[in-house]
Amino acid sequence: MAAGGIMGYPMKPEGAHDLAVLDLGSNSLRMNVIRVDADRTASVLACYKRMVRLGEGAFESGSLQAGPMRRTLDALEEFAEHCRARGVERHAAYATSAMRDAANGPEFAEEIRRRTGFVFRIIPGDEEARLIGLGVSSSMPPLEGSRMIVDVGGGSTEIVVMQERRALEAVSLKAGAVRMAEMLPGGTGPVPRDAYESLKARIRSDAEDVLKRMLRHGPVEMVGSSGSARCLTRMEQAFRGSEEGPGGAGLLTLAGLRKAAEALCGLDEASRAALPGMNAKRSGIIIPGAAILEVLMEESGFTAMRFSEKGLREGIVADYLGNCR
């Protein structure tokens, strides 16, 4: 770190500015602080994450609930203080499924603006998918052909077919890990196999026509991003004793996914949280996340899915740099 920076940040070069990129999903709130140099190159200065569960109760009721909104506002006020203390001049704030589907989403966005100064753009699902595809593609090696990129969020699943950095097809399914969890039997116990298969059937019905459109583009590789894919990839690696990390070359096979789903369904939530590779904060929503990925792999014919750590925030940055003046 260069001397003279703010709160441990490096000294800002002439012509540079700092940008806060915020991603408010149905499960997580994330903020990356980015240094944008005069030549439009970007570097990450800091990352923040809070599991606010904004979508909790919203998909059944059609409205954001008081508790999740309070948690989200508390986290955003904390993030705003970080930005003030570090002299961050600009922000790009995007809200996804929970906010766009809730009747009180725009009202809550205004409350956020008044309390924190963050102006959130509530983006449609196809735009979210395009940005995710852009973010993932920016970190992947060149490929002969197209990639199908899948991001399982809390309220929706975004699917996009990318040719290099160009989206050929981008859609959003109203099938996310938090939304689908509300369709499983209540409580924190094991999930009966018939309930898991019933959930898969519901997802398959919603995804069938979308996947036919995607597969017309002939994708040769499937890539997964987001927390569910990360967690399940790590679980498979733990099951087979691999020390390979989840980034880059990490693979989730269909066989490994089925094995993980079977193990998860047979356990209560506390036991799931203790499994190797599991993120304990996802133990309540990982089963529907596994069901979504299993259906998408089965229906698209892929026996393995590559994992990418990149996603929406990196796509927002790439889009911002492309339009930066």
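Going by the structure above, here's the rest.
Residues numbered from 1 in each chain as written. Predicted model: local features only at pLDDT ≥ 70, side-chain atom pairs only at ≥ 80, totals over all residues. Heavy atoms only, no water.

## Brief notes about the overall build of the protein chain
Then step 1. If you tally the helices and strands in the protein chain, you get twelve helices and eleven strands.
Then step 2. Relative to the compact-globule value of 20 Å for 325 residues, the protein chain shows a C-alpha radius of gyration of 20 Å, a close match.
Then step 3. Counting across all 325 residues of the protein chain, residues that qualify as buried make up 52%.
Then step 4. Within the protein chain, contacts between residues separated by at least 24 positions form 68% of all contacts whose residues are at least 6 apart in sequence.
Then step 5. Accessible surface, the protein chain as shown: approximately 13,800 Å² in total, 49% of it carbon and sulfur.
Then step 6. Between the averaged position of the 42 positive side-chain charges in the protein chain and that of its 43 negative side-chain charges there is a distance of 2 Å. (Helix = DSSP H or I, 4+ residues; strand = E, 2+ residues; numbered from the N terminus. Rg over C-alpha atoms; globule rule 2.2 N^0.38 Å. Buried < 20%, exposed > 50% of the residue type's maximum accessible area, 1.4 Å probe, protein only. Contact = heavy atoms within 4.5 Å. Areas by Shrake-Rupley, 256 points an atom, 1.4 Å probe, with all protein chains shown as cover. Lys, Arg positive; Asp, Glu negative; His and termini not counted. Charge placed at Lys NZ, Arg CZ, Asp CG, Glu CD.)

## Some points on the sheet that holds strand β9 (residues 221–225)
Then step 1. Across the sheet, which stays open at both edges, the six strands sit in the order β8-β7-β6-β9-β11-β10 with mixed pairing between neighbours. Pairing within the sheet leaves two strands with one partner each, and these edge strands are β8 (166–173) and β10 (251–253). The average undirected angle you get between the axes of adjacent strands in this sheet is 25°.
Then step 2. The sheet contact formed by strand β6 (residues 147–152) and strand β7 (residues 157–163) spans six bridges and is antiparallel. Of the residues in β7, the one forming a bridge with V150 is I159. (Pairing = 2+ DSSP bridges. Axes fitted to C-alpha atoms, helices over the stretch in contact; angles between N-to-C directions.)

## Examining the side chain of T116
Then step 1. Relative to the assigned elements, T116 resides in helix α4 (residues 105–116).
Then step 2. One polar contact links the side chain of T116 to the main-chain carbonyl oxygen of I112, over a distance of 2.7 Å.
Then step 3. At a separation of 3.1 Å, a polar atom in the side chain of T116 contacts the main-chain amide nitrogen of F118.
Then step 4. Not counting the four nearest positions on each side in its chain, T116 is found in contact with L76, E77, A80 and R84. (Polar contact = N/O pair within 3.5 Å; in protein donor to acceptor, adjacent residues only side chain to side chain.)

## With respect to the packing of aromatic side chains
Then step 1. If you walk through the whole model with that rule in mind, you get one aromatic pair.
Then step 2. An angle of 45° between the planes, with centres 5.7 Å apart, marks the rings of Y48 and F79 as tilted. Of the two residues, Y48 is situated in strand β3 (residues 42–50) and F79 in helix α2 (residues 66–86); the sequence distance between them amounts to 31 residues. Grouping residues by exposure puts Y48 and F79 together as buried. (Phe/Tyr/Trp six-rings, centres within 6.5 Å; stacked < 30°, edge-to-face > 60°.)

## Describing the environment of G289
Then step 1. Structurally, the position occupied by G289 is in helix α11 (residues 286–300).
Then step 2. Overall, G289 belongs to the buried group, its relative accessible area being 0%.
Then step 3. Considered as a pair, G289 and S198 are 91 residues apart in the sequence and their alpha carbons are 14 Å apart.
Then step 4. Non-local contacts of G289, meaning those with residues more than four positions away in its chain, are made with V152, A177, S228 and L232.

## A closer look at the layout of surface pockets
Any space left empty among the atoms is revealed by the rolling of a water-sized probe across them.
Then step 1. As a volume, the largest pocket reaches approximately 350 Å³.
Then step 2. Listed by contribution, the elements that provide at least two residues to the lining of the largest pocket are β2 (29–36), β3 and α12 (312–323).
Then step 3. Ranked by residues supplied to the lining of the largest pocket, first place goes to β3 with six residues.
Then step 4. Counted by class, the lining of the largest pocket contains seven nonpolar, five polar and five charged residues.
Then step 5. Estimated volume of the second largest pocket: approximately 200 Å³.
Then step 6. A181, L184, P185, G187 and G284 are, among the 15 residues lining the second largest pocket, the residues nearest its centre.
Then step 7. Looking at the lining of the second largest pocket, the elements with two or more residues in it are α10 (269–273) and α11.
Then step 8. Looking at the lining of the second largest pocket residue by residue, the classes come out as eight nonpolar, five polar and two charged. (1 Å grid on protein atoms, 1.4 Å probe; cavity = no way out; pocket = protein on both sides within 12 Å on 5 of 7 lines; lining within 4 Å. Points joined across faces, edges and corners; volume = space filled by probe spheres on them. Nonpolar A, V, L, I, M, F, W, Y, C, P; charged D, E, K, R; others polar.)

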